[in-house]
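Each chain, letter by letter, is given below.
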Amino acid sequence: QVQLVESGGGLVQAGGSLRLSCAASGRIFSGYSMGWFRQVPGKEREFVAAISSGSIWTNYADSVKGRFTISRDNAKNTVYLQMNSLKPEDTAVYYCNRIRNTVVTEAIYDYWGQGTQVTVSS
């Protein structure tokens, strides 16, 4: 099975930036649309951003539009999330997963990585 490893999280002040990485191993995901999700304890996991296999199409949750940018490097089996102008409400554990497409952004794999913690202080 594909293994998904998220990294790049940390503690940052409001207005700061972070770049998250999602590395896939076990299989090449160059043919898959990929997405980022986030979850706060006690709440459901929510969609954040999506990118098509060839990086032509992207989609973002309204809450992050204009601040976050998703990208990918298929040669490295890695998808990125550049997070700028971070707000305290962005605090969550961030996960990546294969998605159906950039419109139907539901996760495909039933398994998730460990996620990476992003904490934004005010």
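This text goes with the structure placed above it.
Owing to the predicted nature of the structure, the values given are computational and were not obtained by experimental measurement. (Residues numbered from 1 in each chain as written. Predicted model: local features only at pLDDT ≥ 70, side-chain atom pairs only at ≥ 80, totals over all residues. Heavy atoms only, no water.)

Visitor: Explain the pattern of salt bridges here, please?
Guide: Evaluation of the coordinates by the stated rule reveals 4 salt bridges. The salt bridge partner of D90 is R38, with a shortest N-O separation of 3.0 Å. Placement of D90 in the loop between β8 (78-83) and β9 (92-99) and of R38 in strand β4 (residues 33-39) is noted, with a sequence separation of 52 residues between them. Just as D90 is buried, R38 falls in that class too. (Salt bridge = Lys/Arg side-chain N within 4 Å of Asp/Glu carboxyl O. Helix = DSSP H or I, 4+ residues; strand = E, 2+ residues; numbered from the N terminus. Buried < 20%, exposed > 50% of the residue type's maximum accessible area, 1.4 Å probe, protein only.)

Visitor: It is not clear to me how the side chain of E6 should be interpreted in this structure. Could you clarify?
Guide: Relative to the elements of secondary structure, E6 occurs in strand β1 (residues 3-7). At a separation of 3.0 Å, a polar atom in the side chain of E6 contacts the main-chain amide nitrogen of C96. Of note is the side chain of E6, whose polar atom sits 3.5 Å from the backbone nitrogen of Q114. (Polar contact = N/O pair within 3.5 Å; in protein donor to acceptor, adjacent residues only side chain to side chain.)

Visitor: What am I meant to see in the sheet that holds strand β3 (residues 18-25) here?
Guide: Sheet strands pair by backbone hydrogen bonding; their relative direction is either parallel or antiparallel. Overall, antiparallel pairing links the 4 strands, which are arranged β1-β3-β8-β7 in an open sheet. Each edge of the open sheet is held by one strand with a lone partner, namely β1 and β7 (68-73). Taking the axes of each pair of neighbouring strands and ignoring which way they run, one obtains an average angle of 15 degrees across the sheet. Where β1 and β3 come together, 5 bridges link them in antiparallel fashion. Considered in β3, the bridge of V5 is made with A23. (Pairing = 2+ DSSP bridges. Axes fitted to C-alpha atoms, helices over the stretch in contact; angles between N-to-C directions.)

Visitor: Got a minute to help me understand the pairing of strand β10 (residues 116-121) in this structure?
Guide: Remember that side chains alternate between the two faces of the sheet whenever the strand is regular. On β10, burial follows the alternation: T116, V118 and V120 on one face are buried, whereas Q117, T119 and S121 on the facing-out side are not. Pairing of strand β2 (residues 10-13) with β10 involves 4 bridges; the strand directions are parallel. Residue pairing in the sheet places L11 in a bridge with T119 of β10. By the bridge criterion, 3 bridges tie β9 to β10 in an arrangement that is antiparallel. Following the sheet pairing, V93 is matched in β10 by Q117.

That's the geometry; what it means functionally is another story.
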